[in-house]
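Residue-level structure breakdown
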Amino acid sequence: MTDFLPLEHLVAACHWIGEKGWAPATGGNMSVRQNAEYCLLSASGKDKGSLTRDDFIQVEIATNSVPSGRKPSAETGLHTLIYRLFPQAGAVLHTHTVNSTVLSRVERGSALLLSGYEMQKTLAGQETHLNTVAIPLFDNDQDIDALAQRIEAFAAETPLQYGFLLRGHGLTCWGKDVNEARRHLEGLEFLFECELQRRLLETQ
Ligand SMILES: CSC[C@@H](O)[C@@H](O)C(=O)COP(=O)(O)O
Ligand SMILES: [Zn+2]
């Protein structure tokens, strides 16, 4: 794994996420694609803000099998789903923020609709605040295989873009590389914060 620059970028992203407070305690998980067949996933149960490159474990994308026998994230199946659905996806970031946790509970529908925000343009392909960006919202499940199957079935009807929310749990987002995944994470988090505050103020 030496000289694999995307892993260096991912480790830096994990530290940035930790500094932001977006992966409290042992919450969150992060991965980067190695090639068409394998990705590198964060080890389970660690503080993701202080990971080093040795804390990333190779996982086969098609099968979730782990050649080393080590224990990658409990949510490995969600990362590999993204890599299977999107051959162009290069990195996946999953965070537990207060905004995503609260907003995903307050919103009872099957998507969080964002419109009217200039910062929607942080999302790849979005060019105007006049669009409505729908971030799909799935009920949480401790059975990650079942959750991944539910998300895959949804994606067969409505292609996913950027990321999805898990109710009361957090955000999973991705990009063509670590840099784009970071931009999507930061952009979506900003939008969630705005949306939460807008809802609070408008209901007073
Ligand atoms: C703090 S418990 C959080 C976990 O259940 C899970 O949601 C999570 O994000 C981290 O799991 P991990 O197995 O460390 O990748
Ligand atoms: Zn989680």
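Residues numbered from 1 in each chain as written. Chains lettered and ligands numbered in written order. Predicted model: local features only at pLDDT ≥ 70, side-chain atom pairs only at ≥ 80, totals over all residues. Heavy atoms only, no water.

Selection rule: UniProt positions are given in the numbering used here, feature names are shortened, and annotations may be inferred rather than shown by experiment.
Per an unreviewed UniProt entry, the protein is named Methylthioribulose-1-phosphate dehydratase, and its organism is Pantoea rwandensis. UniProt, in the comment section headed Function (unreviewed entry), describes the protein in these words: "Catalyzes the dehydration of methylthioribulose-1-phosphate (MTRu-1-P) into 2,3-diketo-5-methylthiopentyl-1-phosphate (DK-MTP-1-P)." UniProt annotates the protein under Catalytic activity (unreviewed entry) with the comment "5-(methylsulfanyl)-D-ribulose 1-phosphate = 5-methylsulfanyl-2,3-dioxopentyl phosphate + H2O".

1. A short note on helix 1 (residues 5-20)
Selection criterion: Segments assigned H or I by DSSP are reported as helices when at least four residues long, segments assigned E as strands when at least two residues long, and all are numbered from the N terminus. Here the expected length of a helix is defined as 1.5 Å per residue gap, with one fewer gap than residues. With a 1.4 Å probe rolled over the protein chains alone, any residue whose accessible area is under 20% of its type maximum counts as buried; one over 50% counts as exposed, and the rest are partly exposed. Only heavy atoms enter the contact rule, under which two residues are in contact if any of them lie within 4.5 Å.
In this model, helix 1 (16 residues) spans 23 Å end to end at C-alpha, consistent with the 22 Å of a helix rising 1.5 Å per residue. Where helix 1 is concerned, the buried positions are L7, L10, V11, A13, C14, W16 and I17. Summarising the contacts, the buried residues of helix 1 are in contact with strand 1 (29-33), strand 2 (38-42), strand 3 (56-60), strand 4 (91-95) and helix 5 (178-202).

2. What about the site of ligand 1?
For clarity, the threshold we go by: For each residue, the test is whether any non-hydrogen atom lies within 4 Å of the molecule or strand; if one does, the residue is near. Counted as a polar contact is a pair of N or O atoms within 3.5 Å, where, for protein atoms, one must be capable of donating a hydrogen and the other of accepting one, and residues adjacent in sequence contribute only when both atoms are in side chains. Residues were grouped as follows: Ala, Val, Leu, Ile, Met, Phe, Trp, Tyr, Cys and Pro as nonpolar; Asp, Glu, Lys and Arg as charged; and all remaining residues, including Gly, as polar.
Around ligand 1, a shell composed of 13 residues is seen, among which S44, G45, K48, S73 and E75 lie nearest. Measuring from an oxygen atom of ligand 1, one finds a backbone N or O atom of G28 at 2.9 Å. The contact in question runs from an oxygen atom of ligand 1 to an N or O atom on the side chain of K48, over 2.8 Å. Partitioning the shell around ligand 1 into residue classes produces one nonpolar, 10 polar and two charged.

3. Side note on the coordination of the zinc ion (ligand 2)
Spelled out, the test is: For Na, K and Ca the donor cut-off is 3.2 Å, while for other metals it is 2.8 Å, and in both cases only N, O and S atoms qualify; water is not among them, so sites may look incomplete. Note on geometry labels: four donors, all angles 85 to 135 degrees, give tetrahedral; four donors become square planar and six octahedral when opposite donors are over 155 degrees apart and every other angle is between 65 and 115; remaining cases are irregular.
Ligation of the zinc ion (ligand 2) by protein atoms is provided by E75 (OE), H94 (NE2), H96 (NE2) and H169 (NE2), these donors lying 2.1 to 2.7 Å from the ion. Relative to the metal, the six donor atoms surrounding the zinc ion (ligand 2) lie at angles of 73 to 166°, and the coordination shape comes out octahedral. Mapped onto the polypeptide sequence, the residues donating to the zinc ion (ligand 2) form the spacing pattern E-x18-H-x1-H-x72-H. Here H169 lies in the loop between strand 7 (163-166) and strand 8 (170-175) and E75 lies in the loop between strand 3 and helix 2 (76-85), a separation of 94 residues in the sequence.

4. Quick look at the packing of helix 2 against helix 4 (residues 144-157)
Packed helices, taken two at a time, are described by the angle their axes make and the gap between the axes. Test applied: Convention adopted: a line fitted to C-alpha atoms gives each axis, helices being fitted over their contacting stretch, and angles between N-to-C directions are expressed from 0 to 180 degrees. Any angle between 65 and 115 degrees counts as roughly perpendicular, while under 35 counts as roughly parallel, over 145 as roughly antiparallel, and the rest as oblique. Crossings are classed by handedness, with left-handed meaning an anticlockwise turn of the near helix from the far one by less than a right angle and right-handed meaning a clockwise turn.
Orientation of helix 2 relative to helix 4, taken along the N-to-C sense of each, is 25°, at an axis distance of 9 Å. Comparing their axes, helix 4 and helix 2 come out roughly parallel. Where helix 2 crosses over helix 4, the two elements pack in a sense that is right-handed. Residue-level inspection shows G77, L78, L81, R84 and L85 of helix 2 in contact with helix 4, the latter providing I144, L147, A148, I151, E152 and A155. Its residues placed into classes, the contact of helix 2 with helix 4 shows eight nonpolar, one polar and two charged.

5. Regarding the UniProt feature "binding site: Zn(2+)" (unreviewed entry) in the protein
Those residues carrying the UniProt feature "binding site: Zn(2+)" (unreviewed entry) are H94 and H96 in this numbering. Secondary-structure assignment places H94 in strand 4. Excluding anything up to four places from it in sequence, H94 contacts G28, N29, M30, E75, H79, L166, H169, G170, L171 and T172. Relative to the assigned elements, H96 resides in the loop between strand 4 and helix 3 (98-106).

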